[in-house]
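If you want the building blocks of each chain, they are given just below.
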Amino acid sequence: MTTIAIIGAGPGLGSAVARRFGREGYDVALVARDQGRLDALADRLAADGVRARGFAADVRDPKALAAALDAATAMVGPVEILQYSPVPHRDFMRPVLDTGPEDLVGPIEFSLYGPVTAVRQVLPGMRALGSGTVLFVNGGSAVVPHAERAGTSIAFAAEGAYARLLHDTLAPEGIHVAQLIIPGAIVPGHHRKDPTVLADTLWRLHHERHGFRHFADDLDS
């Protein structure tokens with residue numbers, strides 16, 4: 001079995017996805033900014049029988065992100081599945097009329113340069129394996145722009161366009177690219193947006209390999 005790399009791994013969705021894919025036999029590479037938190041999460045996963053290791057990187061630092069994914073490949077194994085799901089910073093969510101060019105630098109680095117860097121780093125390994133899955137996780141503003149959250153609305157739309165281009169281009173090579181839209185917040189106990197339920201959804205997107213854009217819940221919920 002190969003590796004799933006979860007970029008933006010944390011105690012909520014990232015942890016649930018690690019457990020779900022770990023249950024299927026995958027090793028897990030956890031990528032986020034804080035090595036101490038990653039190590040603690042890896043220890044908790046190990047207690048549940050999941051083989052996981054943390055690799056610290058800021059998604060807005062392309063060199064650090066590429067190095068983390070290289071280290072993951074060397075230490076954990078070839079990345080067959082890449083999930084890009086970091087949580088956007090609050091200061092990306094400003095009203096559109098209060099958003100200047102400088103306010104879009106962070107969101108674009110976060111939601112476009114980050115995934116482009118990650119995909120380019122793992123794609124050669126997926127091609128060598130002859131298969132792969134790339135999972136993008138975004139909020140509802142990726143498809144319905146929100147005037148009070150201009151930065152994420154603009155950057156998520158760019159990320160979605162990139163993901164769709166990848167979907168269309170890589171399908172003939174056996175590499176599946178999908179986007180999961182989660183309207184609103186992730187809600188523990190929710191019948192569709194609980195982290196464990198979402199992890200099951202992401203597993204199905206990987207396993208069934210059908211379609212590009214999927215919705216965890218209704219957009220108006």
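Residues numbered from 1 in each chain as written. Predicted model: local features only at pLDDT ≥ 70, side-chain atom pairs only at ≥ 80, totals over all residues. Heavy atoms only, no water.

*Asks:* Just checking my understanding: could you explain the packing of helix 1 (residues 13-23) against helix 2 (residues 35-47) for this structure?
*Replies:* To characterise two packed helices, one gives the angle between the axes of the helices and the distance between these axes. Following both chains from N to C, one finds helix 1 and helix 2 inclined at 35°, their axes separated by 11 Å at the closest point. Read as a crossing pair, helix 1 and helix 2 show a hand that is right-handed. Mapping the contact onto sequence places Ser15, Ala18 and Arg19 in helix 1 and Leu41, Arg44 and Leu45 in helix 2. By residue class, the composition of the contact of helix 1 with helix 2 is three nonpolar, one polar and two charged. (Axes fitted to C-alpha atoms, helices over the stretch in contact; angles between N-to-C directions. Helix = DSSP H or I, 4+ residues; strand = E, 2+ residues; numbered from the N terminus. Left-handed = near helix turned anticlockwise from the far one by under 90°. Contact = heavy atoms within 4.5 Å. Nonpolar A, V, L, I, M, F, W, Y, C, P; charged D, E, K, R; others polar.)

*Asks:* What should I look at first to understand unusual backbone geometry in this one?
*Replies:* A negative phi angle characterises most non-glycine residues, just as the trans form characterises most peptide bonds. Residues other than glycine seldom take positive phi values, yet arginine 209 does so here, at roughly 55°. Within the secondary structure, arginine 209 sits in the loop between helix 6 (195-208) and strand 7 (213-215).

*Asks:* Please clarify how helix 3 (residues 62-75) should be interpreted in this entry.
*Replies:* Each α-helix winds once per 3.6 residues, and so residues spaced three or four apart point in a common direction. For helix 3, which comprises 14 residues, the first-to-last C-alpha distance of 20 Å matches the rise-based estimate of 20 Å (1.5 Å per residue) to within 8%. Its buried side turned inward, helix 3 meets strand 1 (3-7), strand 2 (27-32), strand 3 (52-56) and helix 4 (105-129). Trailing helix 3 by a residue or two, glycine 77 shows a phi angle of about 145°, which is positive. (Expected span 1.5 Å × (residues − 1).)

*Asks:* Please explain the pairing of strand 5 (residues 132-139) as it appears in this structure.
*Replies:* A regular strand places its side chains so that they alternate between the two faces of the sheet. Of all eight residues that make up strand 5, eight are buried, and the element is covered over most of its length. Going residue by residue along strand 5, you find Gly132, Val134, Phe136 and Asn138 tucked away on one face and Thr133, Leu135, Val137 and Gly139 tucked away on the opposite face as well. Where strand 4 (residues 79-84) lies against strand 5, four bridges are found, and the strand directions are parallel. Across the sheet, isoleucine 81 pairs through a bridge with threonine 133, a residue of strand 5. Crossover strand 4 to strand 5 through helix 4 is right-handed. For strand 5 and strand 6 (residues 175-182), the ladder comprises eight bridges, and the chain directions are parallel. Residue pairing for strand 6: glycine 132 is matched across the bridge by isoleucine 175. For the crossover from strand 5 across helix 5 (residues 150-170) to strand 6, the handedness is right-handed. (Buried < 20%, exposed > 50% of the residue type's maximum accessible area, 1.4 Å probe, protein only. Pairing = 2+ DSSP bridges. Right-handed = clockwise from strand over helix to strand, strands pointing away.)

*Asks:* Would you take a moment to explain the pattern of salt bridges for this structure?
*Replies:* A pair can form between side chains of opposite charge whenever their charged atoms are brought close. Under the definition given, this model contains 10 salt bridges. Among the ionic pairs, arginine 51 bridges to aspartate 27, the shortest N-O distance being 2.3 Å. A residue pair is termed long-range when its members are at least 10 positions apart, and arginine 51 in the loop between helix 2 and strand 3 and aspartate 27 in strand 2 qualify at 24 residues. On the basis of relative accessibility, which here comes to 13%, the residue aspartate 27 falls in the buried class. Linked through salt bridges whose partners overlap, the residues forming this network are Arg20, Glu24 and Asp200. (Salt bridge = Lys/Arg side-chain N within 4 Å of Asp/Glu carboxyl O.)

*Asks:* Quick question: what am I supposed to make of the nonpolar core here?
*Replies:* Inside soluble globular proteins, nonpolar side chains tend to come together where they are buried. Within the largest apolar cluster, 31 residues are counted, with the highest numbers of intra-cluster contacts made by Ile7, Leu82 and Phe136. Of all elements in the fold, only strand 1, strand 2, helix 3, strand 4, helix 4, strand 5, helix 5 and strand 6 reach the threshold of two or more residues within this core. Among the elements that take part in this core, helix 4 stands out by supplying six residues, more than any other. Among all residues touching leucine 82, those that are not within four sequence positions of it are Ala5, Ile7, Ala118, Val119, Val122, Met126, Thr133, Val134 and Leu135. Ile4, Ala16, Tyr26 and Val50 belong to the second-largest nonpolar core, a separate cluster that totals 29 residues. (Core = buried A, V, L, I, M, F, W, Y, C linked by side-chain atoms within 4.5 Å.)

*Asks:* So what exactly am I meant to see when it comes to the sheet that holds strand 2 here?
*Replies:* Sheets are built from strands paired through backbone hydrogen bonds, the pairs being either parallel or antiparallel. Taken in spatial order, the seven strands make up an open sheet running 3-2-1-4-5-6-7, and their pairing is parallel. A single partner strand is all that each edge strand has here, and the edge strands are strand 3 and strand 7. Pairs of neighbouring strands in the sheet enclose a mean axial angle of 20°, with direction left out of account. Relative to strand 7, strand 6 runs parallel, the two sharing three bridges. Note on strand 7: the bridge partner recorded for isoleucine 181 is phenylalanine 215.

*Asks:* Is there a simple way to explain the packing of aromatic side chains in this structure?
*Replies:* Centre-to-centre distance and the angle between the planes together describe a pair of aromatic rings. If you walk through the whole model with that rule in mind, you get five aromatic pairs. Here the aromatic residues Phe21, Tyr26 and Trp203 are joined through ring pairs into a cluster of three or more. (Phe/Tyr/Trp six-rings, centres within 6.5 Å; stacked < 30°, edge-to-face > 60°.)

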